Amino acid sequence: MKFGPIPIETAEGAVLAHSTTAGERRFRKAHRLSAEDVALLRTAGVSEVVAAVLAEDDLGEDAAAQTIAGSMAFRGIEAKPAATGRVNLHAKAPGIFTVDAVAIDAINAIDPAITIATLAQHAPVEKGQMVATVKIIPFAVGSALVDAATEICAAGEIFAVNAYRPVRVGVIQTVLPGIKPSVLDKTLRVTEARLARTGGRLTAERRTAHEIAPVAEATASLVRDNDMVVIFGASAMSDFADVIPAAIEKAGGTVVRAGMPVDPGNLLVLGTLGGKHVIGAPGCARSPKENGFDWVLDRLIAGLDVTARDIAGMGVGGLLMEIPTRPQPREPLPAKSQLKVGIVLLAAGRSSRMGGPNKLLALFDGKPLVRRTAERALGSKASRTVVVTGHQRERVRAALAGLDVTFADNPDFTDGLSTSLKAGIAYLPEDSAGVMIALGDMPDITSDDLDSLIDAFRKGGGNAVVRASHDGKRGNPVLLPRSLFPAIAHLEGDTGARHLVETEGLDVIDVEIGAAASVDVDTREALEGAGGVLQD
């Protein structure tokens, strides 16, 4: 493949590297030029274009990505059709992701033109979640390189989603003087919720003294009618011969591992009895927050074996988020009020339904609409306001003159909403806990409305999606946590935040702000009805 400027006379069949305009006709990036296209460009005065010219043995980006993905062996995963040189692969069911890291590394080492990115080994996934993506970087790649990748794929299963099974779990809770029944009851509720997440079911509970013999007896009893037994000790394990590991052995079982290099979760015990697993849960498992117990439990429910060596290898990445209820936290947690939220104000659109005028420049109380919305963003608790420009970028910037906003230009705004989202988020500082996606054409949104969303986001610990709503119906703006930023980077075309909210499985907090959440001005009638005056 050759890449670079080429004369328009020889450009037939070439693939455009950038969006190019010929009069009223706009050719998108990656468009393959026909003889008619070349004639239009020549008539418009275009003498050369930056493009890729494919060799005879080259495969186009989509064909190459589709060929590599089609050669892969995988389970529980669905490959989507190729687009823009990318094939995305999604989980068919919730479960645990496993991957042949050696094979992935080998494919990525063939040539920088071919890339495969996946989730981490043993990552928990939801149904429909993207688990891997095959991406061809240039517009085409040599067929020999593609053949090398498919040869590696032919060696065996490259990744899988191991679906959760509907396991039955019996629970034992030991009791010491002073332990409150409410603590035990809450532990049951948390455990039931944890199992429900993976399709498991808590079927029975026993409460015993914190002694080896009664715990061993209860374990042997419960393991007969359940797929797994979980033991919550009233006192944390302090020695490898302590009550829980000793009870597993007294019942006739084997202790696989006592202690794990994951914090929270250090004091976990894993054993087997009668071919079934017995887990001595660490104290942190009484909390719904992620801890080492989740790592072991989820893998077992997904049908994966967990060995002593597996647990020993969990230390890298095993320093997890602190649980606030621990008696002696490792580090003080940052105040929720300090979570920084940036606003990305979308102002790149063409106002195509207006029939000509740019709605963002319409006057509301004598002020351009885009300035009105930007000022309200600046008046909120947001740490930064980024304005994404595209259509009539100079006029929009002029309307915002003097405001303390950051401009993010999006030259590909005609390719869809996703391009503006990515352009805006790229300008947020690394310490941003989340981003609020605000539309430039919502005249009734106030600074107080924006603050209500930010307050709800902070109260939720910065981990949930927060949406403005009106009478129970979702609206705008939408506030996304930082954990979704990587997913935004993979959006294509006219796909926006709503897609992420529906597919990523995060908690959603709806904040009622009234009619402002559903008032935008896409048409001339709507704009004038809201009090706006269009400008030529």
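See the structure shown above.
Residues numbered from 1 in each chain as written. Predicted model: local features only at pLDDT ≥ 70, side-chain atom pairs only at ≥ 80, totals over all residues. Heavy atoms only, no water.

> What am I meant to see in the overall build of the chain here?
The helix and strand tally for the chain stands at 16 helices and 30 strands. By its C-alpha atoms, the chain is 90 × 60 × 35 Å across when sized along the principal axes. Residues classed as buried in the chain amount to 48% of the 536 residues present. Considering only intrachain contacts with a sequence separation of at least 6, the fraction spanning at least 24 residues in the chain is 68%. On the chain, roughly 24600 Å² of surface is accessible, and the fraction owed to carbon and sulfur atoms is 51%. (Helix = DSSP H or I, 4+ residues; strand = E, 2+ residues; numbered from the N terminus. Buried < 20%, exposed > 50% of the residue type's maximum accessible area, 1.4 Å probe, protein only. Contact = heavy atoms within 4.5 Å. Areas by Shrake-Rupley, 256 points an atom, 1.4 Å probe, with all protein chains shown as cover.)

> I would appreciate a short explanation of the pattern of salt bridges in the present structure.
Close approach of charged atoms lets side chains of opposite charge pair. Under the definition given, this model contains 19 salt bridges. Across the pair D431 and K340 runs a salt bridge whose closest N-O atoms are separated by 2.8 Å. Taken together, the residues D431 in the loop between α12 (417-425) and β27 (432-439) and K340 in strand β22 (residues 340-347) connect sequence positions 91 residues apart. Take D431: its relative accessible area is 43%, and that puts it in the partly exposed class. (Salt bridge = Lys/Arg side-chain N within 4 Å of Asp/Glu carboxyl O.)

> How should I be thinking about the pairing of strand β25 (residues 384-389) in this particular structure?
Looking along a regular strand, one sees the side chains alternate between the two faces of the sheet. When you tally the buried positions in β25, you get 5 out of 6 residues, the bulk of the element. Here β22 pairs with β25 via 6 bridges, running parallel. Considered in β25, the bridge of L346 is made with V388. After leaving β25, the chain enters helix α11 (residues 393-399) and then returns to the sheet as strand β26 (residues 406-409), a path that is right-handed. (Pairing = 2+ DSSP bridges. Right-handed = clockwise from strand over helix to strand, strands pointing away.)

> Any chance you could explain the environment of V125 here in plain terms?
Position of V125 among the secondary structure elements: in strand β12 (residues 124-125). Owing to a relative accessible area of 1%, V125 belongs among the buried residues under this scheme. On a C-alpha basis, the gap between V125 and R309 in space is 23 Å, while along the polypeptide they are 184 residues apart. Leave out the neighbours within four places in its chain, and V125 touches A91, A93, P94, G95, F97, L119, V131 and V161.

> Explain helix α8 (residues 292-301) here, please?
One full turn of an α-helix is made of 3.6 residues, so residues set three or four places apart face in the same direction. In terms of residue burial, α8 counts as a mostly covered element, since 10 of its 10 residues are buried. Among all positions of α8, only G292, F293, D294, W295, V296, L297, D298, R299, L300 and I301 are buried. A distance of 2.9 Å separates the backbone nitrogen of F293 from a side-chain oxygen at the start of α8, and that oxygen is part of N291. Phi turns positive one or two residues past the end of α8, at G303, with a value near 85°. (Polar contact = N/O pair within 3.5 Å; in protein donor to acceptor, adjacent residues only side chain to side chain.)

> I would appreciate a short explanation of the sheet that holds strand β9 (residues 86-91) in the present structure.
Sheets are built from strands that pair by backbone hydrogen bonding, the pairs being arranged parallel or antiparallel. Read from one edge to the other, the open sheet built from 4 strands follows the order β8-β9-β13-β11, with strand pairing classed as antiparallel. Strands at the two margins of the open sheet, each flanked by one partner only, are β8 (77-79) and β11 (114-118). Strand-to-strand, the axes of this sheet are offset by a mean angle of 15°, without reference to chain direction. Pairing geometry for β8 and β9, over 3 bridges, is antiparallel. Its bridge partner lying in β9, I77 is registered against A91. Helix α2 (residues 61-70) contacts β9, β11 and β13 (130-136) of the sheet and is inclined by roughly 135° relative to β13. (Axes fitted to C-alpha atoms, helices over the stretch in contact; angles between N-to-C directions.)

> Explain a nonpolar patch on the surface here, please?
On the surface, M1, F3 and V50 cluster together to form a nonpolar patch covering roughly 260 Å² of accessible area. Residue placement: M1 occurs in the segment before β1 (2-7). The exposure class assigned to M1 is partly exposed, which follows from its relative accessible area of 36%. (Patch = residues over 30% accessible without salt bridge, like charges linked within 9 Å, V, L, I, M, F, W, Y side chains within 5 Å.)

> I would appreciate a short explanation of the nonpolar core in the present structure.
Most often, soluble globular proteins have nonpolar side chains that are buried together. If you look at the biggest cluster of nonpolar residues, it comprises 34 residues, and the most contacted ones within it are I343, V370, L400, M436, L453, V466 and L479. For this core, the elements supplying multiple residues, two or more each, are β22, α10 (369-378), α11, β27, α13 (447-459) and β28 (465-470). Per element, the largest residue contribution to this core is 5 residues, and it comes from α13. With residues up to four places along the chain from it excluded, the contact list for V466 reads L453, A456, F457, P477, V478, L479, I509 and V511. Counting residues in each nonpolar core, the second largest holds 30 residues, with M228, I301, A302 and I311 among its members. (Core = buried A, V, L, I, M, F, W, Y, C linked by side-chain atoms within 4.5 Å.)

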